[in-house]
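Structural features, examined
The chain contents come next:
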Amino acid sequence: MQLDKINKTNDIKKLNLKEKTELASEIREYLLDTISKTGGHIASNLGVVELTIALESVFDPKKDKIIWDVGHQCYTHKILNGRKKELKTIRQFKGISGFPKVSESPTDTFNTGHSSTSISAAAGIAAARDLNKKDFNVIAVIGDGALTGGMAMEALNHIGSSGMKVLVILNDNEMSISKNIGGINELLTKLRVKKKYIKSNKAGKKIISRIPLIGNMTVRLVKKVKRSIKQMFLPGMYFEEIGFRYLGPVDGHNISDMEYLFSKAKDLEGPTLIHVITTKGKGYEPAEENPDKFHGIGKFDVFTGETIGTKKDDYSKVFGHKLTEMAKKNKKIVAITAAMKDGTGLREFSTYFPKRFYDVGIAEQHALTFAAGLASQGLIPFISIYSSFYQRGYDQVIHDICAQNLPVIMCVDRAGIVGADGVTHQGMFDLSFFKLIPNLVIMAPSNFKDLELMMELAPTLNKPVVIRYPRGGEGTSYKPKAIKLGKSEIVEEGNDLSIISIGRETSKALDLSNLLKQDNITSDVINVRFLKPLDTKTILNSIEKTKNIVVIEDGTIVGGLCSSIKELIADNKLEVNAKYYGFPDKFIEHGSIDELEKEYKQDLNTIYNDVIGMIKK
Ligand SMILES: Cc1ncc(C[n+]2csc(CCOP(=O)(O)OP(=O)(O)O)c2C)c(N)n1
């Protein structure tokens, strides 16, 4: 087994080409065997096995700085850099991360998770290298999907004119999560037509081989080489025009062709972009045929390609279905996603209303201002973005939507703990960062029906609205009451305790109330529904009655519901026993909801014991 020879960084360099080809097959098998049991980004990883092998054969991950954009495709890199065995723990509580992590290995140069950051980070690292007069290569590996993100374009623009030595490797598999879209994708399509060139054009190889291996090249020679390459790969003109040397396209499953080009690029000064063509899901038929399904997947059966476990309804699906039904009755409703058609549940809408559906690519900032534009013309845009990706569009929410009081309905999917994706993807901050924006109505449903009621209410408000809901399904459910702006809902009534909860935590509040009944403690369970405007009257009435409160939210404890209730209590100078539950002021690593709630002491059991202690004091 070649894989047995791979134990630490740079072991790959001891293998010859034949052995590396064997290694690629072994890694694919290992990835499939492991990730089918843990879940993960299998299709993207299968696509970059040879690319990673070639890259780390030519460059030195100990010295050179390789930045993986998004980072979801870094599994082969982890295998090649000392984490072969640990791969079995990937994305699990206390296990290794599914993304690059500097804390795991110095060969993970820069933490990623959100798209389109790699070229900017590379630029910063290269600029620091030059200022510090150091000598190493800086390489950003970015997918064609991630290249549609504004930051990537901003960074190319900067690097192109600065002339700094940065290598951008464009991993082009024609896919974002779904099919890649937009003008950049069309440009790449034109370039892909040249695919055969690098393999078959011997003359071309000869021209490239004239690039000297080491030492400074004279300007004349650079120009000559540039011209020759330009002639060979004319369609790369776009990148050339903005200041990059464009090489490729090269077959991303041919190790020797890639090694050849990478080692030549290593000796070129200035910004270079190598266009590598890969197949997403390479070598595993179900993933090659359905790369979107296998982009990020839970446990699956390797033989059938079927996911394991029954698929229950989730908030995204309920959202997508309800929106489709609403749009059948209201022609003004349009839907927007930033490259997450499936994840946000908008596929159904997109099939019914292709002309009223917009996938704008990985472009959250644009998506939000685009929605503002639509709203300014009387349309009713529902935009769905994951909680952590709203962080990208914060100024757009403030400046373009809320400051103009435009009725954009911002659906915040994956709010709260998301699980295996970890730190970068946890929806921890949205309640807090949305709360301080004027004009904004913030709602969070406690179950599917509550979500539907909020979706119906939102277009009637004629204001910017946030509706935030978690990943996955509903917990303990009940039939919600009719909804009214700024009114909370008393789900249960009692005398001893006020349990004040938001969103999915209302399910836990109900479970808590039921548990406490065994101890003859009865509770008001208040589903606040609106973080803003907060129903202070109902909440104050309840607190004054019980004098004991528990507040539960599923985001950071800083600045969200707990903060609002603390302020309410202070402003009204109330004397109460209070317990507050939210995630601490920390970045929360990967793990299941159950594991993380236990870790941070906000699982049902802990809260129950705390309450018993508080009330029986
Ligand atoms: C800012 C941001 N928006 C959305 C995502 C979700 N996301 C993760 S990977 C991905 C597609 C990336 O496509 P590409 O760069 O081509 O990589 P591939 O998986 O095809 O190799 C998306 C949209 C993200 N990580 N970051």
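Everything numeric in this text was worked out from a predicted model, so none of it was measured. (Residues numbered from 1 in each chain as written. Predicted model: local features only at pLDDT ≥ 70, side-chain atom pairs only at ≥ 80, totals over all residues. Heavy atoms only, no water.)

**Let's talk about helix 22 (residues 536–546)**
- For helix 22, every residue scored as buried is listed here: Thr-538, Ile-539, Leu-540, Ser-542, Ile-543 and Thr-546.
- Those residues of helix 22 that are buried are in contact with strand 12 (489–492), strand 13 (497–501), strand 14 (523–527), strand 16 (548–556) and helix 23 (561–571).
- In the segment just after helix 22, Lys-547 is the residue with positive phi, at about 60 degrees. (Buried < 20%, exposed > 50% of the residue type's maximum accessible area, 1.4 Å probe, protein only. Helix = DSSP H or I, 4+ residues; strand = E, 2+ residues; numbered from the N terminus. Contact = heavy atoms within 4.5 Å.)

**Brief notes about the packing of helix 5 (residues 118–131) against helix 6 (residues 150–162)**
- Running from N to C, helix 5 and helix 6 point in directions that differ by 35 degrees, and their axes come no closer than 7 Å. Of helix 6, the residues touching helix 5 (which contributes Ile-119, Ser-120 and Ala-123) are Met-151, Ala-152, Ala-155, Leu-156, His-158 and Ile-159. (Axes fitted to C-alpha atoms, helices over the stretch in contact; angles between N-to-C directions.)

**Here we look at the site of the ligand**
- Lining the immediate surroundings of the ligand are 23 residues, of which Ser-44, His-72, Gly-145, Met-175 and Glu-364 lie closest.
- Between the ligand and the protein, one listed contact pairs an oxygen atom with a side-chain N or O atom of His-72 at 2.7 Å.
- One nitrogen or oxygen atom from the side chain of Glu-364 is found 2.6 Å from a nitrogen atom belonging to the ligand.
- Across the complex, the protein chains shield 98% of the 590 Å² of accessible surface that the ligand would expose by itself.
- Of the residues in the shell around the ligand, the class split is eight nonpolar, 11 polar and four charged. (Near = heavy atom within 4 Å. Polar contact = N/O pair within 3.5 Å; in protein donor to acceptor, adjacent residues only side chain to side chain. Areas by Shrake-Rupley, 256 points an atom, 1.4 Å probe, with all protein chains shown as cover. Nonpolar A, V, L, I, M, F, W, Y, C, P; charged D, E, K, R; others polar.)

**Some thoughts on helix 7 (residues 183–192)**
- Within helix 7, the full set of buried residues consists of Asn-185, Leu-187, Leu-188, Leu-191 and Arg-192. Here the buried residues of helix 7 occupy an arc of 155 degrees about the axis, which is enough to place them on one side. Seen from the buried face of helix 7, the exposed residues on the opposite side, beyond 90 degrees, are Gly-183, Glu-186 and Lys-190.
- Looking at the buried residues of helix 7, the elements they touch are strand 3 (167–172), helix 11 (237–241), strand 4 (245–251) and strand 5 (272–277). (Arc of directions from axis to C-beta.)

**Thoughts on the sheet that holds strand 16**
- Spatial strand order, 12-14-13-16-17: five strands in an open sheet with mixed pairing. Sheet topology places strand 12 and strand 17 (577–583) at the edges, where each strand pairs with a single neighbour. Each strand axis lies, on average, 20 degrees off the axis of its neighbour in the sheet, ignoring direction.
- Note: strand 12 against strand 14, three bridges, orientation antiparallel. Bridge pairing in strand 14 links Ile-490 to Ile-526.
- Relative to the sheet, helix 21 (residues 505–517) contacts strand 12, strand 13, strand 14 and strand 16, its axis offset from that of strand 13 by approximately 160 degrees.
- Strand contacts of helix 22: strand 12, strand 13, strand 14 and strand 16, with the helix running at about 150 degrees to strand 13, the strand carrying the most contacts. (Pairing = 2+ DSSP bridges.)

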